[in-house]
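Structure at a glance
The residues making up each chain are set out below.
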Amino acid sequence: SLRCVLAGGAWVRGLLGWVRPERWLASSSLFPLSCIHTSTSLQKLGKWEKKNRIVYPPQLPGEPRRPAEIHHCRRDIKYSKDKMWYLAKLIKGMSIDQALAQLEFNDKKGAKVIKEVLLEAQEMAVRNHNVEFKSNLHIAESMTGRGRYAKRIRYHGKGMFGIMKIVRCHYFVKLVEGPPPPPEPRRTGFDQAKEYVQQLRSRTLVNTL
Amino acid sequence: LVLVFSPLPRLRGLLQRCWGRLERDVLSGLSGGQSPPWGPALAVQAPVFLPQPVNDTGESNEAPSLLDSILWMAAPKKRRTIEVNRCRRRNPQKLIKVKTNIDVCPECGNLKQKHVLCGYCYAKVKAETRMIRMEIRKKEGGPFNAPTVETVVLYDGEKPTVKDEGKRIIERARKRPSWFVQN
């Protein structure tokens, strides 16, 4: 439904909590009947989700404006964290429009997931975090983490078996208001040589006059 | 003389006694003459235990079995450290390249690759084509009924022109889309 698409992933999980029995059995194993009322308030909020809750004291008149920061994540994506890392590395430091463009024409499975996460985060930024222009955001941090793995049996021939891991990952993104910072100039050989000479020159003799 | 080991001790004892009597009889009979040319062999219906043949010569001729060839297979000597693994996984050849061939479609404003049709516009055209094909299917009413004349699609409020003489007319009950130019 349209509401489910626009709302955050955690809200959807709470609404359709009954669809995934293993999830609500894990959260409230003592009273199975109370799982019907599963919502985000009962699920443990991760550290990344809590970062959106910090409130700074009001800024003094002379201070430069603090750019808005939006933390968003999606948990337990059915994808490998190593494969997701390449996509996270691709969009690090880009503006949100450029990141969405790159992800739209990337053929990887994680690209579709990250695109959804970025759109959700952009929507959250405009609605809740007082961001004026939805294009005026850039990706400050984008990381992947290991999700909860499940072990299953993989059947081979001749009665042999192997144990395979069902691999899942989390994806974290931090959007910051403002244009993307200019990329750092590559460290050339000349810079390295200059630093080396500087290091040599700054040496002193110890235990002497 | 061939001595054959019999598994049954009683039979062996009996045979030894018989054999002894035979020898004495033979020797007494031929004491004056030459030694008997023939050597009586004991025919025993008993399993014969042959010594195990040496297999070394046989094996060297065969191809080495899988168990031997494992010794010659390539195997890693040391565990690859995470630093080495990172160098391999993160070097620029393995990172995803940034695409520079993304443009904006002038028709709908969505993103498109320069050498590829716009996905949104293509989906639009595909949907309309599907509706036209459904109309054609309704008109034909079955397979192998395609006429041998051209087809013209007319939308709301359009009349067939002079050029459309003799062509099959397909009616679509909607306004003509802006991208479907009328000839």
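Presented here is a report on the structure given in the accompanying data block.

Criteria and cut-off values
- Every chain begins its residue count from 1, and numbering advances along the sequence as written.
- Chains and ligands are labelled by the order in which they are written, letters from A for the one and numbers from 1 for the other.
- Only residues with pLDDT of at least 70 are given local features in this predicted model, and only at 80 or more are side-chain atom pairs given and counted; all residues enter the totals for whole chains, interfaces and linings.
- Note that the side-chain values use all heavy atoms of the structure and ignore hydrogens as well as water.
- In what follows, a contact means two residues having at least one pair of non-hydrogen atoms within 4.5 Å.
- By definition, the buried area sums, over both parts, the 1.4 Å-probe accessible area that each loses when the two are put together.
- Every case where a carboxyl oxygen of Asp or Glu lies within 4 Å of a side-chain nitrogen of Lys or Arg is listed as a salt bridge.
- For the purposes of this section, nonpolar cores are sets of buried Ala, Val, Leu, Ile, Met, Phe, Trp, Tyr and Cys residues that join through side-chain atoms within 4.5 Å.
- Under the scheme applied here, a residue whose accessible area is under 20% of the maximum for its type counts as buried, over 50% as exposed, and between as partly exposed, the area being computed with a 1.4 Å probe on protein chains only.
- To qualify as a helix, a DSSP run of H or I must reach at least 4 residues; to qualify as a strand, a run of E must reach at least 2; elements of each kind are numbered from the N terminus.
- Each pair of strands is called paired provided DSSP finds at least two bridges between the two strands.
- An axis is simply a line fitted to the C-alpha atoms; with a helix, the fit covers only the stretch in contact. Between two such axes, the angle follows the N-to-C directions and lies from 0 to 180 degrees.
- Geometry of aromatic contacts follows a simple scheme: Phe, Tyr and Trp rings, the Trp one being its six-membered ring, pair when their centres are within 6.5 Å, and the pair is stacked under 30 degrees between planes, edge-to-face over 60, tilted otherwise.

**Section: the interface of chain B and chain A**
Every contact between the two is made by 12 residues of chain B and, on the other side, 13 residues of chain A. Buried surface at the junction of chain B and chain A, summed over both partners, amounts to about 1100 Å²; 67% is from carbon and sulfur atoms. Interface area lost by chain B to chain A is led by Ile96(B), Lys99(B) and Leu111(B), which between them contribute 45%. Taken together, the links from chain B to chain A amount to zero salt bridges.

**Points about the nonpolar core**
Met84(A), Ile91(A), Ile114(A), Leu118(A), Tyr171(A) and Leu175(A) are the most contacted members of the largest nonpolar core, which totals 29 residues. Elements represented by at least two residues in this core include exactly β1 (69-77), α5 (81-91), α6 (96-104), α7 (109-128), β2 (137-146) and β5 (169-177) of chain A. With eight residues, the single largest contributor to this core is α7(A). Ignoring anything within four residues of it in the chain, the contact list for Leu118(A) reads Ile91(A), Ile96(A), Ala99(A), Leu100(A), Leu103(A), Ile139(A), Val173(A) and Leu175(A). Core analysis: the second largest hydrophobic core is formed by five residues, Ile132(B), Val153(B), Tyr155(B) and Ile170(B) among them.

**Considerations on the sheet that holds β1(A)**
Working definition: the strands of a sheet are paired by backbone hydrogen bonds and lie parallel or antiparallel to each other. All names here are of chain A. Spatial strand order, β1-β5-β2: three strands in an open sheet with antiparallel pairing. The sheet is open, and its two borders are formed by β1 and β2, each paired with just one other strand. Between one strand and the next, the sheet's axes are offset by a mean angle of 15°, whatever the strand orientation. Of the pairings in the sheet, the one linking β2 to β5 comprises nine bridges and is antiparallel in character. Residue His138 lies in a different strand from β5, and its bridge partner there is Val176. Set on the sheet, α7 makes contact with β1, β2 and β5; between it and β1 the angle comes to about 145°.

**Overview of the packing of aromatic side chains**
Taken as a whole and judged by the stated rule, the model has four aromatic pairs over all chains. With centroids separated by 5.4 Å and ring planes inclined at 55°, the aromatic side chains of Trp48(A) and Phe172(A) adopt a geometry described as tilted. Highlighted residues: Trp48(A) in helix α4 (residues 47-50) and Phe172(A) in strand β5, separated in sequence by 124 residues. For the residue pair Trp48(A) and Phe172(A), the accessibility class agrees, reading buried in each case. Centre to centre, the rings of Trp179(B) and Phe180(B) are 6.0 Å apart; their planes meet at 5°, and the pair counts as stacked.

**Concerning the pattern of salt bridges**
Evaluated as defined, the whole model comprises 16 salt bridges over all chains. For Glu104(A), the salt bridge identified is with Lys115(A), shortest N-O distance 3.5 Å. Pair noted here: Glu104(A) is in helix α6 and Lys115(A) is in helix α7, with a separation of 11 residues, a long-range link. What makes Glu104(A) partly exposed here is its relative accessible area of 35%. Of the residues examined, Lys115(A) reaches a relative accessible area of 23% and is grouped as partly exposed. In this structure, Glu140(B) and Arg168(B) form a salt bridge, with 2.9 Å as the shortest nitrogen-oxygen distance.

These figures capture arrangement, not role.
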